[in-house]
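Read off the chains here:
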Amino acid sequence: MSLINSTNSKHVIIVGAGFSSLSASCYLAKLGYKVTILEKNNYSGGRAKQLKRDGFSFDMGPTFYWMPDVFDSFFEDFGYKAKDFYQLDKLNPAYEVYFGENDSIKIGDNFESIKQTFENVEAGSAVELQKFMDVAEENYEIAVKDLVYQPGENVWEIVTPKTAMKLGSFIDTIKKQVARRIKNKKLRKIMEFPVLFLGAKPSNTPSFYNFMNYADFQLGTWHPKGGMYEVAQAMHRLAESLGVKIIHNSPVENIEIEDKKISKVVSNGTAYECDILLSGADYHFTESLLPSKYRQYNQKYWNSKTFAPSALLFYVGFKKKLSNLSHHTLFFDVDFDEHAASIYDSKSWPEKPLFYASFPSVSDDTCAPEGQEAGIFLIPLAPNLEDNELIREKYFNIIIDRVEKLTKQKVRNDVLFKQSYGISDFKSDYNSFKGNAYGLANTLLQTHVLRPKLKSKKVENLYFTGQLTVPGPGVPPSIISGKVVGNLIHKYHKL
Ligand SMILES: Cc1cc2nc3c(=O)[nH]c(=O)nc-3n(C[C@H](O)[C@H](O)[C@H](O)COP(=O)(O)OP(=O)(O)OC[C@H]3O[C@@H](n4cnc5c(N)ncnc54)[C@H](O)[C@@H]3O)c2cc1C
């Protein structure tokens, strides 16, 4: 076994090259640490994997670029703007939601037009929406300024005069809050949609999280040209320019501990010495590489947690342009609560699935050859379900039937190719616990100090980052998580 020596006394090894790891690597490099990333796969970006096939390109993971202020703030910390790295376009409509045949609502790219859309569906709802949004805006300010950049070391971090005033909104739920203001079922579903990004049912998500509605209706839905993969590549380039060494095809297989401190990690038979180990890989998986006495959370703990859903995805090349569909299109024509119950309660395959579809080539000509359409379809699912080709095929047919029926067009015979991705792929590609797609949900009991810790309580120089830690799932929170853990490492290991 060869041994790579670190010449600098503060060498941070980071496991994984997802958004959180890339973010942390930039901050640590800027603070003067020597940083090496070991990534299992052959690209940077983690969940933001890209599929390229026959002139088509697909984001295999995240597709919604929300909270552009978080991306801007990240690049500004290094003297850049996001637009120095990629072209960003605001989508109009932001997205479209189907409720039945020829029955859809388009959400525009500015709040005034969205209020008008609401008013057209339910008289008086524009005023109610404005009131809702005033509170959501306040919560966004508090969340982004006071809360999400806290490391979750103790509860006092988030006790401020402003948050104390908001205590009730941590007990109230989004579902109840929406229902108090809006009567129309379709509008209610639209308002409950943003918190699905947090990974839990609206009936189980504190109403404080309505700041996601502010992100949706006020900050807008953006598209980086080429897709979300381009954002990860931008962060990869920035990290390298700051001196971070990124090594692909290097799965960390072994972690060696001496005197409660990690001394080296082993990948592909090479041992890498480190002073600090930061894992942006799945938390449960990383702890499974440690002797059991050094693990903070046992199997019972992980089994008791509410995980964000897993998903079944299809990436489809269509040989023609499709009609009646927007860049982001949600198919909410079936019972929302029944599908949610299949994810969180019965943990079974949904009988009538809701699904989300993205057609990036509607607004980005780099995503499909001229005259053709790229389609991404996603069904959210309970983690750890049985996953095989037969089941996948069954659900592909359900999706295609519904798209044809609801959008009044034939598409089945225009499929050039399709590729699927599911629970077993999340496990094998990312070592993801039970094949979850986007981490640990943000419920009341899984917020801030109640999430898995950034700093290990049992190993002195071990840290974690990413969607299972603070602040939670999603690309912007993962970027924030990287910044927060970078500062935390610096607090305890100043050069
Ligand atoms: C299908 C899907 C759709 C989504 N949609 C959106 C969206 O529209 N908008 C949004 O904001 N968010 C979305 N998300 C969530 C978002 O993508 C994630 O929360 C975020 O990318 C997580 O980043 P991370 O750094 O925490 O983890 P990851 O991206 O999982 O990064 C972890 C990295 O660790 C690597 N790794 C694992 N084991 C090892 C090992 N042993 N050695 C070395 N490396 C290892 C993995 O290969 C991976 O690269 C979506 C996620 C999925 C899956």
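First, a word on scope: everything that follows refers to the structure included in this document.

Calculation rules
Residues numbered from 1 in each chain as written. Predicted model: local features only at pLDDT ≥ 70, side-chain atom pairs only at ≥ 80, totals over all residues. Buried ≥ 20, exposed ≤ 12 C-beta atoms within 10 Å, placed from the backbone. Helix = DSSP H or I, 4+ residues; strand = E, 2+ residues; numbered from the N terminus. Contact = placed C-beta atoms within 7 Å. Near = placed C-beta within 6 Å. Nonpolar A, V, L, I, M, F, W, Y, C, P; charged D, E, K, R; others polar. Domains from an automatic or database assignment. Pairing = 2+ DSSP bridges. Axes fitted to C-alpha atoms, helices over the stretch in contact; angles between N-to-C directions.

Let us look at helix 9 (residues 211–219). Along helix 9, seven of the nine residues are buried, which leaves the element largely enclosed by surrounding structure. The inward-facing, buried residues of helix 9 abut helix 3 (111–121), helix 4 (125–147) and helix 8 (185–192). A positive phi of about 90 degrees marks Gly 220, the residue just after helix 9.

Taken together, 38 residues sit near the ligand, with Gly 16, Gly 18, Gly 46, Pro 62 and Gly 466 positioned nearest. Of all the elements in the fold, those that place two or more residues in the shell around the ligand are helix 1 (19–30), strand 15 (310–318) and helix 16 (475–493). A breakdown of the residues in the shell around the ligand according to their chemical character gives 20 nonpolar, 15 polar and three charged. Residue assignment places the shell around the ligand across two domains, with domain 1 (2–50 + 67–86 + 226–305 + 439–493) and domain 3 (307–430) each supplying three or more.

Strand order across the open sheet formed by five strands is 10-3-2-14-20, with parallel pairing between neighbours. Strand pairing shows two members of the sheet lacking a second neighbour, strand 10 (245–247) and strand 20 (462–464), which therefore form its edges. Each strand of the sheet is rotated relative to its neighbour by a mean of 20 degrees, with strand direction disregarded. Inspection of the sheet shows strand 3 (residues 34–38) paired to strand 10 by three bridges, in the parallel sense. Pairing of Thr 36 across the sheet is with Lys 245, part of strand 10. With respect to the sheet, helix 1 is in contact with strand 2 (11–15), strand 3 and strand 14 (276–279), its orientation differing from that of strand 3 by roughly 165 degrees.

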